[in-house]
Amino acid sequence: MSAAKNRHNTEDYLQMYRQMVRIRAFEDNANQLYLSARMPGLTHMYSGQEAVAVGICEALTDEDRITSTHRGHGHCVAKGADLKTMFCELLGKAEGYCRGKGGSMHIADQSHGNLGANAIVGGSMGIATGAALSAKRLGREFVTVCFFGDGATAQGLWYEVMNMAALWRLPVIYACENNGYSEYTRTEEIAAGSLIARAQAFGVEAFQVDGQDVLAVNELTQQLVGRCRKGEGPFFIELDTYRYHGHHVGDINRDYYRSRDEEAEWKKLRDPITNFGKWLIDQKIMSADELVAIDEEISADAQAAVQYALDAPYPDVNEVDMHVFSGVDHALEYTGGAHR
Amino acid sequence: MTREITLSKAVNEAIAEEMRRDASVILLGEDVAEAGTPFKVLSGLVEEFGTDRVIDTPISEPGFMGIAVGAAMTGLRPVVDLMFGDFLYLVMDQLCNQAAKTHYMSGGKLTVPLVLRTNMGATRRSAAQHSQSLQALVAHIPGLKVAMPSSAYEAKGLLKTAIRDDNPVVIFEDKLMYQDKAPVPEEEYLVPFGKAHIKREGRDVTLVATSSMVQVAEEAAEALAGDGISAEVIDPRTIVPLDEQTILNSVRKTSRAIVIDEGHQSYGVTAEIAARIGEKAFYHLDAPVIRMGAMDVPVPFSPALEDLTVPNAAGVAENARRICRGELIHAA
Ligand SMILES: Cc1ncc(C[n+]2csc(CCOP(=O)(O)OP(=O)(O)O)c2C)c(N)n1
Ligand SMILES: [Mg+2]
């Protein structure tokens, strides 16, 4: 971890710490909701990768856009979302970000520039690039970050849109969270050659960074965002990271593809929150007690948010054919479709 | 003032007018700029609007479709040119999983105002991968609107409506009709979605026909008139939304219906419209509703075979005569 630049950054450091802890707390609660059978469906935990989402999103403004993935809670929290509204969405409640119509894999938070998680692996690469085209055409300053996993680098769409982004010099940053696995398969088995070399082949400047080091991620992203705003994009970043849980909450017995020792080692030596917390203490920015107080406060917030969501009402059945078309109240009346 | 212009010119005018009216409208596709597309439909637009707004893309259909979705979500109104309707299969994820569902999945927070212009139509001797009419494929997907202009007039008015719509709209132009002329007003007009056009009034049989099949139906109606059979011809103009009311009113009057569309017959547009007539006007019917779609085979190259696969006026007229005589066409 690099040295503290100066004490003016204290607020920023604390914000990064808090945001990482919020993501971890969110995921711990989501996991409990699943395990206690109170959450419909499955979900993919972001725990372990917090420094990626937070390091990047803390370099962005609300105007800047992101696109997210099936493992998207971290991106959503880091971009500024509210935990209550997120839990409501996870539970399919009317007050959720998408009125319960999207769920974990489709959370979008327009108010903070999150264009949405995506359940198609690699499915948002075009959307992110298109958002960057909007910025350029409309003469707006916003930058778009496209989050995706190592597995998504096997989708042809990335090469198509990165080619266009490079040709047209679009303000987009492709951020690949390499957590070593796509589902139950090691990255080495699905990726030939090097990922950054692929981006470089398109003339896209590419970087590799330790995805467990929030300051390193943030510093690099700040530079690249600044350069994007000056018309120097696109860029590619590969962030080395690790997911603590299984591929999804139901992936519990995973010895056949990943060893417990490997998991334990990452958690012990490379945890982004523990390491950043130690650094804050070493640099005398915060005391251990102060950090514990933050952890406790956030943990209580998250639990209150869960309770709020559990008590919140489901959408009225009347909403089932709403929001199919913009400008149309009820799609079935409009299309003459069926069964009302 | 009305003059006669080609369908191609009508499309070009619609886009030019909307690009002048709204700076957020951009055009995106392969060879759309200087070349003006292989069909020359877009000639001249790049000269007026420049390469910032008339954007040539690499041959990356999923890529530029996806870019259009993201651009539409963030303030632009992209009009995407997909060179052949057959290439829809390449863009299915971006169109059907992303564009069509974004508004719904986001609970109405995000909108995707984009237009996908593509074409359809066989008998151009282009064989199985450049001749398909795939409107049923997209009409099946909730969240997409689907327009099928039957002349230059509709092509212009529907496209202008599509560009102003806040939803993803797919427009199918029949590539054999690009040079067909029709009267088109000089002054601005729109053709609304979900409003069928009664092209010809009649008493004995309703011919519901889309796109180029409207001409086929009109020709059949002309022939039938000689036999004393009065056919009503209805052009739905958009199949999503579908103007069910106009179709049902007609069938209640004529008590017979034939539905004609150039997509494959099975599981197709004709099947959907026929089923709705069957469900909602059953007791008014004097004969089974007849579907006439393209033959359920890949489109063959040889002219001797290809012409057999598409509904024609003689076939429509023959089916109409038979149901009017009370004959069963597909007896069990
Ligand atoms: C197009 C597509 N193919 C397959 C899947 C099933 N699937 C969901 S997540 C996943 C693995 C993705 O791996 P990666 O991109 O590395 O992301 P990670 O899960 O590691 O965050 C797969 C195969 C899918 N959702 N979409
Ligand atoms: Mg992965």
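Quick notes on the rules
Residues numbered from 1 in each chain as written. Chains lettered and ligands numbered in written order. Predicted model: local features only at pLDDT ≥ 70, side-chain atom pairs only at ≥ 80, totals over all residues. Heavy atoms only, no water. Helix = DSSP H or I, 4+ residues; strand = E, 2+ residues; numbered from the N terminus. Rg over C-alpha atoms; globule rule 2.2 N^0.38 Å. Buried < 20%, exposed > 50% of the residue type's maximum accessible area, 1.4 Å probe, protein only. Contact = heavy atoms within 4.5 Å. Buried area = accessible area lost by both parts, 1.4 Å probe. Salt bridge = Lys/Arg side-chain N within 4 Å of Asp/Glu carboxyl O. Polar contact = N/O pair within 3.5 Å; in protein donor to acceptor, adjacent residues only side chain to side chain. Axes fitted to C-alpha atoms, helices over the stretch in contact; angles between N-to-C directions. Left-handed = near helix turned anticlockwise from the far one by under 90°. Nonpolar A, V, L, I, M, F, W, Y, C, P; charged D, E, K, R; others polar. Expected span 1.5 Å × (residues − 1). Core = buried A, V, L, I, M, F, W, Y, C linked by side-chain atoms within 4.5 Å. Phe/Tyr/Trp six-rings, centres within 6.5 Å; stacked < 30°, edge-to-face > 60°. Lys NZ or Arg CZ within 6 Å of the ring centre and 35° of its normal. Donors = N, O, S within 2.8 Å, 3.2 Å for Na, K, Ca; no water. UniProt positions renumbered as here; feature names shortened; annotations may be inferred.

A. Representation of the overall build of chain B. Helix and strand counts for chain B come out as 11 helices and 14 strands. The globule rule puts the C-alpha radius of gyration for 332 residues at 20 Å, and the 20 Å found for chain B is close to it. In terms of its C-alpha atoms, chain B occupies a principal-axis envelope of roughly 60 × 45 × 40 Å. Per-residue burial over chain B gives 64% buried out of 332 residues. Considering only contacts within chain B whose residues lie at least 6 apart along the sequence, 81% involve residues at least 24 apart.

B. The interface of chain B and chain A, seen in detail. Across the contact, 46 residues belong to chain B and 41 residues belong to chain A. Of all residues in chain B, Ile-67, Thr-74 and Tyr-104 of chain B give up the largest surface area on contact with chain A, accounting jointly for 20% of the area buried on that side. For the salt bridge of Asp-52 of chain B with Arg-137 of chain A, the shortest nitrogen-to-oxygen distance reads 3.3 Å. Linking chain B with chain A are 13 residue pairs in polar contact (both at pLDDT 80 or more). Elements represented by at least two residues in the side of chain B that touches chain A include exactly strand S2 (25-29), strand S3 (54-56), helix H3 (61-73), helix H4 (88-105) and helix H9 (269-280) of chain B.

C. Examining the packing of helix H1 (residues 10-35) of chain A against helix H9 (residues 214-229) of chain A more closely. Residue and element names in this part refer to chain A. Relative to each other, H1 and H9 sit at 115°, their axes nearing to 11 Å. In terms of crossing hand, the pair formed by H1 and H9 is right-handed. Touching Tyr-13, Met-16 and Met-20 of H1 are Val-214, Leu-215 and Asn-218, all from H9. Looking at the contact of H1 with H9 residue by residue, the classes come out as 5 nonpolar, 1 polar and no charged.

D. A look at helix H1 (residues 7-21) of chain B. Residues and elements named next belong to chain B. Compared with an ideal rise of 1.5 Å per residue, which puts 15 residues at 21 Å, H1 spans 21 Å between its outermost C-alpha atoms and is within 8% of the ideal. Within H1, 12 of the 15 residues are buried, leaving the element largely enclosed by the surrounding structure. What H1 keeps buried is the set Leu-7, Ser-8, Ala-10, Val-11, Asn-12, Glu-13, Ala-14, Ile-15, Ala-16, Glu-17, Glu-18 and Met-19.

E. Structural view of the nonpolar core. Counting 192 residues, the largest nonpolar core has Leu-133, Tyr-174, Phe-236 and Phe-276 of chain A together with Leu-95 and Ile-277 of chain B as its most contacted members. For this core, the element with the most residues is H1 of chain A, which contributes 11 residues. Not counting the four nearest positions on each side in its chain, Tyr-174 of chain A is found in contact with Thr-129, Cys-146, Phe-148, Trp-158, Val-161, Met-162, Ala-165, Pro-234, Phe-235, Phe-236 and Ile-237 of chain A. Of all hydrophobic cores here, the second largest spans 27 residues; its members include Met-213, Ala-221, Leu-224 and Ala-287 of chain B.

F. Summary view of the packing of aromatic side chains. Scanning the entire structure with this criterion turns up 21 aromatic pairs over all chains. Where Phe-148 of chain A meets Trp-158 of chain A, the ring centres are 5.2 Å apart and the plane angle is 55°; that geometry is what we call tilted. Pair noted here: Phe-148 of chain A is in strand S2 (residues 144-149) and Trp-158 of chain A is in helix H6 (residues 156-168), with a separation of 10 residues, a long-range link. Each member of the pair Phe-148 of chain A and Trp-158 of chain A is classed as buried. The cationic tip of Arg-65 of chain A hangs over the ring face of Phe-142 of chain A; the distance from NZ or CZ to the ring centre is 4.2 Å. The aromatic ring of Phe-325 of chain A is capped on one face by Lys-145 of chain B, whose charged end is 5.6 Å from the ring centroid.

G. Quick peek at the coordination of the magnesium ion (ligand 2). Residues and elements named next belong to chain A. Summarising the metal site, the magnesium ion (ligand 2) is bound by the protein donors Asp-150 (OD), Asn-179 (OD1) and Tyr-181 (O), whose distances to it range over 2.1 Å. Between consecutive donor residues of the magnesium ion (ligand 2), the sequence gaps follow D-x28-N-x1-Y. One end of the pair, Asp-150, is in the loop between S2 and H6; the other, Asn-179, is in the loop between strand S3 (172-178) and strand S4 (181-182), with 29 residues separating them in the sequence.

H. Region of the structure containing the environment of Ser-182 of chain A. All names here are of chain A. As for its placement among the helices and strands, Ser-182 is situated in strand S4. Relative accessible area serves as the criterion here: at 22%, Ser-182 is assigned to the partly exposed category. In this structure, the C-alpha to C-alpha distance between Ser-182 and Ala-152, residues 30 residues apart in sequence, is 8.3 Å. Non-local contacts of Ser-182, meaning those with residues more than four positions away in its chain, are made with Asp-150, Gly-151 and Ile-190.

I. Structural context of the pattern of salt bridges. Residue and element names in this part refer to chain B. According to the stated counting rule, one finds 44 salt bridges over all chains in the structure shown. In this structure, the salt-bridge partner of Glu-318 is Arg-321, at a minimum N-O distance of 3.1 Å. One end of the pair, Glu-318, and the other, Arg-321, are both in helix H11 (residues 313-324), 3 residues apart, so they sit about a helical turn from each other. If you follow the salt bridges from partner to partner, you end up with Arg-3, Lys-9, Glu-13, Glu-17, Glu-18, Arg-21, Lys-156, Lys-160, Arg-164, Glu-186 and Glu-188 in one network.

J. Expanded view of the UniProt feature "domain: Dehydrogenase E1 component" (unreviewed entry) in chain A. Taking the UniProt record as the reference, the feature "domain: Dehydrogenase E1 component" (unreviewed entry) is found at residues 18-317 of chain A. This span, residues 18-317 of chain A, is 46% helix and 11% strand, and a straight line between its end C-alpha atoms measures 38 Å.

K. Local environment of unusual backbone geometry. Residues and elements named next belong to chain A. Residue Pro-234 is bonded to the preceding Gly-233 through a cis peptide linkage, with omega at -5°. Considering the arrangement of structural elements, one finds Pro-234 in the loop between H9 and strand S7 (235-240). Phi angles above zero are rare outside glycine, and Ala-37 is one such case at about 60°. A positive phi angle, near 55°, is found at Arg-99, a position not held by glycine. Along the polypeptide, Arg-99 turns up in the loop between helix H4 (83-90) and helix H5 (125-137). Owing to a relative accessible area of 31%, Arg-99 belongs among the partly exposed residues under this scheme.

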